[in-house]
Amino acid sequence: MATKHDVQDLGMVSLKLPDGQELELPLLKDAAGNRFLDVRKLQPTTGICTFDPGFTSTGSCDSKITYIDGKEGVLMYRGYNIDELAEQGDFTDSCYALLHGELPTAAQKQEFITDLTQHTMVHEQLIQFYKGFRHDAHPMAIMVGVTGALSAFYANASDISDPDMRQLSCMRLIAKMPTLAAIAYKTAKGHPIVYPRNDLSYAENFLHMMFSVPTEQYEVDPILSRALEIILILHMDHEQNASTSTVRVAGSSQANPFACIASGIAALWGPAHGGANEAVLRMLKDIGSRDKIPEAIKRAKDKNDSFRLMGFGHRVYKTYDPRAKIMKQVCDQVLEHVGIKDELLEVAMELEHVATSDEYFVKRGLYPNVDFYSGIVLRAMGIPVSMYTVLFAVARTVGWVAQWKEMAEEPLQKISRPRQIYSGHMERKFVPEEKRGKGEGDDGSKAPAESHPQSTGPHSANSDSTPGNGVTPSRSMEATLKRVSAKVGANR
C-alpha cells in the first residue's frame, strides 16, 4: 500500500550577501524528492525579496492533491495515476478522491452521487440573469457572471470556518456547474432551457441539458457520454496552474467560495490558459485542407514565421502528455462511432500522422497534447467551439473546490501578498495643470524618454500547451537589476 511522505527538513543552506552578511535558510524536500528553499524569513530578516515573475520557481503552497512529473509524463490525483482513474474509474471516483483524499467505498460513492444529484438545479431567479446578457455574449462571460452571482443566493457560504458549510459549497458548485453551462448555451441559441434529470449521470445530464428539446425524445449516446466523462476526469486538476492559483489567491482573503470559483473561470477564459482547444480548431480552419498540411508543417519549423502548430507540445510535459494517450484512444473511438464526414476532422487526423512521423517534432517532444484530441472529440460530439472552455471550467471546478477546501482547512492561513520590483519614479512634486505637458520634468529638466519595446505578436502568447511565455518586459531586466537604487516596494 502506498504511503504518504511529509515534507522533510534537509538542513540549512547558507546564503552570503554582497555586504558580507550570512543567512541560514531551511532546505526542504517534498514527497516526490523535489527540493525547496524556504525563504519565508528572508525579507523580514534582511529586507531582501526574491524575484520570480510568473512564480515558475516558487512553491506557493503545500498541497496533497495533485502531482505532476513533467519529465516522466506523470499526472496523479491523490497518488492515483490519471490513466487508471480515466480507464478504470468514473467521474465520481476522481471527484471524491480529489475532495476527500481516497477513492470512495460503494456506500460512500452512492451517498456522494445522491448529494450531487440534489444540488443540480439552480434558483429560478438566477435564470433571469441570463436574459440580461446579449444574445451573442461569449458563454465564458456569462459563466463568470452567474457563478459569482451564486454568492447572492448562498450568503452563508462565506462562513468558511464551518466544515459542513465548506463541504456543502463544494457540492453545490460541482453539481450546478453543468446546469449553468447548459443554460448559457440554450439561451444563446434562443432555445428553452432544459432542467437536469435525477436518473442521469453527471456527463449524461450535461449532454441531455445541452441537446434535448421539448419537441422530441432525446436519448443520451453511451459512447459519447463516456467520452465526455473521460474528458472531465482528465481536466479536473493540474497542480497550481494560473486559474487554480487565482482561486487560492482569492480564497486567501476569505472571500465567498462562489466568488473564488468565478475568479478561476475568469483566469481560465484567457487564451493563454483555457482556450487551447479552441485554438486547435481555429488552426485547423486556417490550414483548411489536407493538401495544405505540408506547407503548414514547413511554416511551423520556420522560426521567422509567426505560424504555430497549436495542440502540440506542453510547457509542463517535456515528453508525452499522459492525458493525450488516453484522449487519442477516445478520439479514435468517437470518430469511428459517429462516422461523420468532416473535412476539418480529416485535416486533424492527417496532421497528427504527419507531425508524429516528422523527426523535427519527435526530437523536440512536440507530440499532440490533450487539447489537440479533446478539441477533435468535442467537435465530433457536436459541441460548438464557444463551449469548449466552458466545458473545461465545468471539469476544473472539481479541482478548484478541492484546492480551495484544502487551503481553507489549513491551521495557519495567510492572505496572498506578493512583493514587487519597483522601477517607477520616486517622490515627485505635484505640477499645476497649466504647467503640464510641456515636455519637461517636475524640476524643469527634460523628462526621460520611456522605453516602448515592440510587441511579440499574438502568436507568441503562451498557453498551457505551447512552450515559451511570449512576454516582453517593459524595461531591460538586466539594466533594472544593475540599478543600485532599485527599491523593493512594500506596496501596502
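The shown structure was predicted, so the numbers you read here are calculated from the model rather than taken from an experiment.

What counts as what
Residues numbered from 1 in each chain as written. Predicted model: local features only at pLDDT ≥ 70, side-chain atom pairs only at ≥ 80, totals over all residues. Heavy atoms only, no water. Axes fitted to C-alpha atoms, helices over the stretch in contact; angles between N-to-C directions. Helix = DSSP H or I, 4+ residues; strand = E, 2+ residues; numbered from the N terminus. Parallel < 35°, antiparallel > 145°, perpendicular 65-115°, else oblique. Left-handed = near helix turned anticlockwise from the far one by under 90°. Contact = heavy atoms within 4.5 Å. Nonpolar A, V, L, I, M, F, W, Y, C, P; charged D, E, K, R; others polar. Core = buried A, V, L, I, M, F, W, Y, C linked by side-chain atoms within 4.5 Å. Buried < 20%, exposed > 50% of the residue type's maximum accessible area, 1.4 Å probe, protein only. Phe/Tyr/Trp six-rings, centres within 6.5 Å; stacked < 30°, edge-to-face > 60°. Lys NZ or Arg CZ within 6 Å of the ring centre and 35° of its normal. Pairing = 2+ DSSP bridges.

Draft legend 1. Representation of the packing of helix H6 (residues 139-153) against helix H7 (residues 163-189) in the model. Between H6 and H7, whose axes approach to 10 Å, the crossing angle comes to 140 degrees. What the angle tells us is that H6 and H7 run oblique. Considering the relative orientation of H6 and H7, their crossing is right-handed. Contact with H6, carried on its side by Ile142, Met143, Val146, Thr147 and Leu150, involves Leu173, Met177, Leu180, Ala181 and Ala184 of H7 and no other residues of that element. Residues of the contact of H6 with H7, tallied by class, amount to nine nonpolar, one polar and no charged.

Draft legend 2. The arrangement of the nonpolar core in detail. Within the largest apolar cluster, 114 residues are counted, with the highest numbers of intra-cluster contacts made by Phe91, Ile174, Leu180, Leu232, Leu309, Leu351 and Val377. Broken down by element, the residue count for this core peaks at 13 residues, all from helix H18 (residues 388-408). Setting aside anything within four residues of it in sequence, one finds Val377 in contact with Ala227, Ile231, Met327, Val330, Cys331 and Val334.

Draft legend 3. Structural detail: the side chain of Asp93. Turning to its location among the elements, Asp93 is positioned in helix H3 (residues 91-100). On the basis of relative accessibility, which here comes to 12%, the residue Asp93 falls in the buried class. Those residues in contact with Asp93 that lie beyond four places of it in its chain are Leu103, Pro104 and Lys109.

Draft legend 4. Layout of the packing of aromatic side chains. Applying the stated criterion across every chain, the model contains nine aromatic pairs. Relative to Phe211, the ring of Tyr185 has its centre 6.4 Å away and its plane inclined at 70 degrees; by these criteria the two rings are edge-to-face. With Tyr185 in helix H7 and Phe211 in helix H8 (residues 202-211), this pair connects stretches of sequence that are 26 residues apart. Linked through ring pairs, Phe312, Phe372 and Tyr373 together constitute an aromatic cluster. Just above the ring of Tyr360 sits the side chain of Arg364; from NZ or CZ to the centre is 3.8 Å.

Draft legend 5. Broad picture of the sheet that holds strand S2 (residues 22-29). An order of S1-S2-S3 is seen for the three strands of this open sheet, with the pairing classed as antiparallel. Each of the sheet's edge strands pairs with one partner strand only, and the pair in question is strand S1 (8-16) and strand S3 (35-37). Taking each pair of neighbouring strands and ignoring which way they run, the sheet shows an average axis angle of 30 degrees. Pairing analysis gives seven bridges linking S1 to S2, with the strands arranged antiparallel. The partner of Lys16 across the bridge, within S2, is Glu22.

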